[in-house]
Amino acid sequence: MHRLLHAILLGLVGAGIVHIVVLLMVPAYSQRDAWSALSEVSNFHTITRLDPPGAAPLLGSIDPLFNAVGCRFDLSEGVVRLNGGGKVPYWSLSVYDRAGQNVFSVNDNSTPNPNLDFVVATPVQMIELRNALPPEFDGSVFIEADIDEGIVVVRAFSPDDTWEDTIATYLAGLACTLHQ
Amino acid sequence: MLKSLLLTVTTLAIALGGGAGSVWLALDRDFEFGTIAIGNWKAFSTRGTAGADPYSKARFSREADLALGSAEGLTFIARDDNTGEMLRLHCAYRIEGPLPPARFWTLHARDSAGKVIVPAGTRAPALHSYALLREGDNTVTTTVSRHAAPGNWLAVRGDGAFSLVLTFYDTAMASGARITEIDLPHVTRLGCDA
């Protein structure tokens, strides 16, 4: 009897440890996160519509009045530039790490010019860029992110159906390019 | 010998079963640390950021979702009306009251599985603050119902429980510390279909 009690107590302590270990391992081993969903449909440095018309959205919480595109990148290969032109009522941009955590966000009010032009770089790459700024990055806004792999997402507001084509064209016209 | 083997198996069964089972139970619930509750509206301001608690992170990783950043907007979700009753699609609701400052906001409904409820016909599944009828004092009253309603009408369809999603874009509240001091509209039940 005494030994059974001992075994149960030991089991409960073990359950606590297993609970913590499993909980901390779930994010690393999840196959159902945004990264996995996006990697099923497109490769790195490809602009992908996250709410394809007529199909189920890739992400759960996209506002039905918004169109969104995403692009996976890997900063260990080089810096990533996201740029495009045109005018839409509202756009916002977020950079996420591999686990889908938001590391940086910005909207169209906080940039100096209406054109979307961002360069995502790690702190080390930023130092190199400051030393010798490539001429094509002249008007870019730099986002320093201490991550390797990540996702950059642009969301644009589509007030009603008549805007749908304009917004879709704008988002499809964005370029997500790798600069080594 | 057999006895100690049995005890070892018992210990392991409790440890592995209890540990994994309790994680599964914890992730199945909607509870989250850092939830901001204002009236019936809830916002999960740290969800999807590095500041989220381990339960939130684990749950988030199983959802294929990317949360709005603080510069993008802030989302509030209501699952109950102001008497604490669950929101049901066969009832009509009025949403009325103060709205915090934001460039614009949108309102849409999601069913119990979390899918956007798209109404029949050509009506948009969401309303936004640029195209609403306003009262003389600039307030907004919205009706959520399966049946057409005068004024601002968020059309829904189907049966069962649903949730209302109110998102404020380009708002200072998303980054502000005094978020609990803001007021949000009340959700009042008007009546139900028999």
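Position numbers for residues count from 1 along each chain, tracking the sequence in the order it is written. As they are written, the chains are lettered A onward and the ligands numbered 1 onward, keeping that order. Reporting in this predicted model follows two pLDDT cut-offs: at least 70 for local features of residues, and 80 or more for side-chain atom pairs to be given and counted; totals over whole chains, interfaces and linings ignore these cut-offs and use all residues.

1. Some details on the overall build of chain A
Moving on, step 1. Comment: elements are numbered from the N terminus, with helices defined as DSSP H or I runs of at least four residues and strands as E runs of at least two. Assigned secondary structure in chain A consists of four helices and nine strands.
Moving on, step 2. What you see in chain A, going N to C, is helices and strands ordered as α-α-β-β-β-β-β-β-α-β-β-α-β.
Moving on, step 3. Whereas a compact globule of 180 residues would reach a radius of gyration of roughly 16 Å, chain A reaches 21 Å, over 25% beyond that.
Moving on, step 4. The C-alpha extent of chain A, read off along each of the three principal axes, is 75 × 45 × 30 Å. The quantity called the radius of gyration is restricted to C-alpha atoms. Its globule counterpart is 2.2 Å times the number of residues to the power 0.38.

2. Points about the overall build of chain B
Moving on, step 1. Secondary structure assignment for chain B yields two helices and 10 strands.
Moving on, step 2. Listed N to C, the secondary structure of chain B is α-β-β-α-β-β-β-β-β-β-β-β in terms of helices and strands.
Moving on, step 3. A compact globule built from 194 residues should have a C-alpha radius of gyration of about 16 Å, whereas chain B, at 21 Å, is more than 25% larger.
Moving on, step 4. Each of the three principal axes of chain B carries a C-alpha extent, and together these read 85 × 45 × 30 Å.
Moving on, step 5. Residues with at least 20 other C-beta atoms within 10 Å of their own are called buried, those with 12 or fewer are called exposed, and the rest are partly exposed. The C-beta atoms themselves are positioned from the backbone. Per-residue burial for chain B yields a buried fraction of 36% across its 194 residues.
Moving on, step 6. Two residues qualify as a contact pair if the distance between their C-beta atoms, derived from the backbone, is within 7 Å. Of the contacts made within chain B by residues no fewer than 6 positions apart, 67% connect residues no fewer than 24 positions apart.

3. Structural notes on helix H2 (residues 34–41) of chain A
All names here are of chain A.
Moving on, step 1. Those residues of H2 that fall on the buried side of the exposure criterion are Ala-34, Trp-35, Ala-37 and Leu-38. Take H2 and look down its axis: the buried residues cluster within an arc of 165°, on one side only.
Moving on, step 2. Structurally, H2 contributes buried residues whose contacts are with strand E1 (48–49), strand E2 (66–74) and strand E8 (149–157). Here the arc refers to the set of directions running from the helix axis out to each C-beta atom.

4. Re the sheet that holds strand E2 (residues 41–44) of chain B
Residue and element names in this part refer to chain B.
Moving on, step 1. A pair of strands is treated as paired once DSSP finds two or more bridges between them. Here we have six strands laid out as an open sheet, ordered E1-E2-E3-E9-E5-E6, and antiparallel in their pairing. Edge positions in the sheet fall to strand E1 (35–38) and strand E6 (126–128), since each of these pairs with one other strand and no more. Mean inter-strand twist for the sheet, computed between neighbouring axes without regard to direction, equals 25°.
Moving on, step 2. Examined bridge by bridge, strand E5 (residues 104–111) and strand E9 (residues 162–169) share eight bridges and lie antiparallel to one another. Residue pairing across strands places Asp-111 opposite Phe-162, the latter belonging to E9. A fitted line through C-alpha atoms serves as each axis, taken over the contacting stretch for helices, and the angle formed by two N-to-C directions is quoted from 0 to 180°.

5. Notes on unusual backbone geometry
Glycine aside, negative phi is the norm for most residues, and most peptide bonds take the trans geometry.
Residues and elements named next belong to chain B.
Moving on, step 1. Backbone geometry places Ala-64, a non-glycine residue, at a positive phi of 50°.
Moving on, step 2. The residue Ala-64 is located in the loop between helix H2 (54–60) and strand E3 (73–78) in this model.
Moving on, step 3. Using a count of 21 C-beta atoms within 10 Å as the deciding quantity, one classes Ala-64 as buried.

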